[in-house]
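# A look at the structure
Next come the chains, spelled out residue by residue.
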Amino acid sequence: MKLDQHFRDKVRSFYKTNGRLFFWRERKMSPYQMLIVEMFLQKTRAENAEPVIKDFLKKYKLFKLITHAKEREIFRIISKIGLGKRRTKALINASKEITEKYGGEGFPPNEKKLSEFNNVGQYISNAVFCFALDKRLPILDVNTSRVVSRFFNIKNDKDLRHNKRLLKKAEELVPRKNFKEYNWGLLDLGALVCKTKPKCESCPLKGKCSFYNSLGR
Ligand code: SF4
């Protein structure tokens, strides 16, 4: 569909010119490293989290090091970006479960298996398999779902798992080539431009966006 292609092209060119550069986008990450990145990024600002994630990955290079660490030591690091004891426990428990099931250096074989672990879920597992393992998958979180739902005028339920139309559209939109750049572009558009209070005037999608056009500007 022409509108889908227009959307993909605009998102990818936004990434080329305005994409944020984080170390996890500039170098090849292992699935373990990417999982840690995504777990840290939940409800934190990526810019603030970056140096803390870097230090954490230097110290904890494998799941098994996390499972042997003292809870207060993990908490000391992640509390620097406002993550609390609940998140510390989530990180330790996910590491323990994955280590028990797949051994010290193993990893779940696909995104479905990874998403079944506590505190992981579909968004994180798709991000890990897309960005670390080059699998063509949609990345649907609050930010990206807001962009897609506004542009295509699709109702955006709070619980994304039940939003079948939006999920289907997000899947159809992922391009065959450069899908990582597309997903990063969509994440950045949602975080920087199509925010809760959207900055439509500076958005590259405004020409064909349903939401923008409904404003009658
Ligand atoms: S034009 Fe506005 S509502 Fe549409 S995608 Fe851009 S920022 Fe979001």
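Here the structure is shown first, and the text comes after it.
Residues numbered from 1 in each chain as written. Predicted model: local features only at pLDDT ≥ 70, side-chain atom pairs only at ≥ 80, totals over all residues. Heavy atoms only, no water.

By secondary structure assignment, the location of Ser145 is in helix H10 (residues 142-152). Given a relative accessible area of 2%, Ser145 falls into the buried group. Here the side chain of Ser145 touches Asp141 through a polar contact of 2.8 Å, landing on its backbone oxygen. (Helix = DSSP H or I, 4+ residues; strand = E, 2+ residues; numbered from the N terminus. Buried < 20%, exposed > 50% of the residue type's maximum accessible area, 1.4 Å probe, protein only. Polar contact = N/O pair within 3.5 Å; in protein donor to acceptor, adjacent residues only side chain to side chain.)

Our focus in this paragraph is the packing of helix H1 (residues 2-18) against H10. Their axes nearest at 12 Å, the elements H1 and H10 cross at an angle of 140°. In terms of orientation, H1 lies oblique with respect to H10. H1 and H10 meet at a crossing whose hand is right-handed. The segment H1 lies against H10, with Leu3, Asp4, His6 and Phe7 engaging Val147, Val148, Phe151 and Phe152. When its residues are assigned to classes, the contact of H1 with H10 shows 6 nonpolar, 1 polar and 1 charged. (Axes fitted to C-alpha atoms, helices over the stretch in contact; angles between N-to-C directions. Parallel < 35°, antiparallel > 145°, perpendicular 65-115°, else oblique. Left-handed = near helix turned anticlockwise from the far one by under 90°. Contact = heavy atoms within 4.5 Å. Nonpolar A, V, L, I, M, F, W, Y, C, P; charged D, E, K, R; others polar.)

What follows is about the packing of helix H9 (residues 121-131) against helix H12 (residues 179-192). In the contact formed by H9 and H12, the axes pass within 10 Å of each other and the chain directions differ by 140°. Compared by their axis directions, H9 and H12 come out oblique. Note that H9 runs across H12; the crossing there is left-handed. On the side of H9, the interface is formed by Tyr123, Cys130 and Phe131, while H12 contributes Phe179, Lys180, Asn183, Trp184 and Leu187. Tallied by class, the residues present in the contact of H9 with H12 amount to 6 nonpolar, 1 polar and 1 charged.

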